[in-house]
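Each chain, written out:
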Amino acid sequence: MPKLLLITASSDEIRQARRSRFLNFQQITMPYLAARVSHGWEVTHVDEEAEEIDWGDRPDVVGITFHTPSAQHAYELAARFRAQGACVVMGGPHVSLLPDEAAQHADVIFIGEAEGLWEGFLDEYLRGTWRRSYQRDCPALLDGAPMASKAHYHRRDFTSGVLFATRGCPNHCDFCTIAVMYGPGLRKRPIAEVAAEYGSFPGKRIIFWDDNVVADRQYAKELFRAIAPYRKWWSSQASVHSAADDELLELAARSGCKQLFLGLESISQSSMAEVRKNFNRVDDYASVIERVHAHGIAVQAGIVFGFDHDTPEIFKNTLDFLEANGVQNATFNILTPYPGTPLFQRLEAQGRILTRDWRKFNGRSDVVFRPRQMSADELLGGFRYANQRFYSWESVGRRLFRSPVQLWWTLPLNLAYAWRWRRSL
């Protein structure tokens, strides 16, 4: 029986950069691809966030998925496996962004989505007729997608299950890789299939790994009605527009939604216009947060620092806003121009990209471009200030006192993040 090793690659550098995170949710690519492998293969999955590679094993085929900051590490893994005689297959975000680079390190690359091509490659490998590159000529259909193989989830991330309902995003923000990966538009799995997978997880805490689970409001409402009978708790990412629909929020809450990650990005409207996310109306943020809270749903704010309109005052102003509005959790990132995105192309044309060392494209410990209105050191220092202040005891108390939504778990989570942040310093 041929051996297939699937690797979710994660470099030492990116694991170090993520040390301040208490929750680091399971990546779902490999569990879903494992479910598409025929019974003629022996399949193993190694998630480097949770385990080490067994170099005593001798797989016939090695599939590696990775993000940009783990690219160099993935290439080193590939070289070692190829030296052992394995056929190395690479895919995932970085490969789709820079296929020519990745092709220099792999026997086979997958550009974009793998569904419908992955199964064919494995058959072709057994026949000795496989190709060097696979790329779909149209978006993958999501109907009939098998449930992810639960045996290949390995992270201890305090969730009971991770799945997806939709793929893609109807927007085209300059700094985002979604449109590059999946093409334009939004695709949706049949609701009955999503609900069946949602209900198949034995525990109560579920993550929808969607980029915007409410992008199609009617679909989202039907989905929330379908999953409500399972009486589980869930969280996902959503646009700020979700707060304009009280019925949507009410159905989300009734179905078990405990928290929504809202991509606020910046409290500067000029910055939102700069990266083609002007549909985020900064003046509405306070009312958006208030309406989400009114339905008993906590808010996790996604914040990015380093836009061209950001001055050193942006850090304090942002933290003042988050505290004044009782935001329960926040994820801060340094603006990172990933290759292949319009942001990267613009900054490269302006001569502002400082490095092509992909290990530094992690959004947390390095600044990889020249900011316009502050120095790189000021941007990095401001990012650290934001984390240190947000997860200080004073800020935790101030925020959660103002909006004690889901206090029974948001307080312990804040304390855990505060502890992790201090350990990472």
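The following refers to the structure shown. Only a predicted model underlies this, so the values are computations on that prediction, with no experimental measurement involved.

## Details of the sheet that holds strand S13 (residues 298-305)
- Spatially, six strands are ordered S7-S10-S11-S12-S13-S14 in an open sheet, and the strand pairing comes out parallel. A single partner strand is all that each edge strand has here, and the edge strands are strand S7 (161-163) and strand S14 (329-334). Averaged over all pairs of adjacent strands, the angle between their axes in this sheet comes to 20°, without regard to strand direction.
- In the sheet, strand S12 (residues 257-265) pairs with S13 via five bridges, with the strands oriented parallel. Each bridged residue has a counterpart across the sheet, and for Leu262 the counterpart in S13 is Ala301.

## Comments concerning helix H9 (residues 217-227)
- Residues of H9 that are buried include every one of Tyr219, Ala220, Lys221, Leu223, Phe224 and Ile227, and no others.
- Structurally, H9 contributes buried residues whose contacts are with strand S8 (166-169), strand S9 (185-188), helix H8 (191-200), strand S10 (205-208), strand S11 (233-238) and helix H10 (246-255).
- Where H9 begins, the capping side chain belongs to Asp216, and its oxygen is found 3.2 Å from the backbone nitrogen of Gln218.

## Some words on unusual backbone geometry
- The backbone of Glu265 sits at a positive phi, close to 70°, despite the residue not being glycine.
- Mapped onto the elements, Glu265 comes out in strand S12.
- For Glu265, a relative accessible area of 10% puts it in the buried group.
- Unlike most non-glycine residues, Gln406 shows phi in positive territory, near 55°.
- If you trace the backbone, Gln406 turns up in the loop between helix H16 (393-402) and helix H17 (407-424).
- According to the relative accessible area criterion, Gln406 is buried, its value standing at 13%.

## What about the nonpolar core?
- By size, the foremost hydrophobic cluster in this structure holds 103 residues, and its most contacted members are Ile64, Met90, Phe208, Leu223, Phe224, Trp234 and Phe332.
- Sequence-distant contacts of Phe208, defined by excluding residues within four places in its chain, comprise Leu163, Ala165, Val194, Tyr198, Val213, Leu223, Ile227, Trp234, Ser235 and Ser236.

## A look at helix H6 (residues 118-127)
- For H6, the set of buried residues is Trp118, Phe121, Leu122 and Glu124. All buried residues of H6 fall inside an arc of 165° around its axis, so they share one side.
- Taken together, the buried residues of H6 touch strand S1 (3-8), helix H2 (29-34), strand S3 (61-65), strand S4 (87-91), strand S5 (108-111) and strand S6 (133-135).
- A positive backbone phi angle near 75° is found at Gly128, which sits one or two residues after H6.

## Quick look at empty space enclosed by the protein
- Summed over the entire model, instances satisfying the criterion amount to one cavity of 30 Å³ or more.
- Volume-wise, the largest cavity comes out at about 40 Å³.
- Lining the largest cavity are Tyr32, Arg36, Glu115, Leu142, Ala145, Pro146 and Phe164.
- Grouping the constituent residues of the lining of the largest cavity by class yields five nonpolar, no polar and two charged.

## Quick look at the pattern of salt bridges
- One pass over the full model with this rule turns up 26 salt bridges.
- Linking Asp245 and Arg217 is a salt bridge whose minimum nitrogen-to-oxygen distance equals 3.9 Å. Of this pair, Asp245 sits in the loop between S11 and H10 while Arg217 sits in helix H9, placing them 28 residues apart in sequence.
- Of the residues examined, Arg217 reaches a relative accessible area of 33% and is grouped as partly exposed.
- Ionic pairing is found between Glu323 and Arg398, a salt bridge with its closest N-O pair at 2.8 Å. With a gap of 75 residues between them, Glu323 in helix H13 (residues 314-324) and Arg398 in helix H16 connect regions that are remote in the sequence.
- For Glu323, a relative accessible area of 4% gives the class buried.
- Of the residues examined, Arg398 reaches a relative accessible area of 35% and is grouped as partly exposed.
- Sharing partners across several salt bridges, the network here consists of Arg217, Lys221, Arg225, Asp245 and Glu247.

Reading the values: rules and limits
Residues numbered from 1 in each chain as written. Predicted model: local features only at pLDDT ≥ 70, side-chain atom pairs only at ≥ 80, totals over all residues. Heavy atoms only, no water. Pairing = 2+ DSSP bridges. Helix = DSSP H or I, 4+ residues; strand = E, 2+ residues; numbered from the N terminus. Axes fitted to C-alpha atoms, helices over the stretch in contact; angles between N-to-C directions. Buried < 20%, exposed > 50% of the residue type's maximum accessible area, 1.4 Å probe, protein only. Contact = heavy atoms within 4.5 Å. Polar contact = N/O pair within 3.5 Å; in protein donor to acceptor, adjacent residues only side chain to side chain. Core = buried A, V, L, I, M, F, W, Y, C linked by side-chain atoms within 4.5 Å. Arc of directions from axis to C-beta. 1 Å grid on protein atoms, 1.4 Å probe; cavity = no way out; pocket = protein on both sides within 12 Å on 5 of 7 lines; lining within 4 Å. Points joined across faces, edges and corners; volume = space filled by probe spheres on them. Nonpolar A, V, L, I, M, F, W, Y, C, P; charged D, E, K, R; others polar. Salt bridge = Lys/Arg side-chain N within 4 Å of Asp/Glu carboxyl O.

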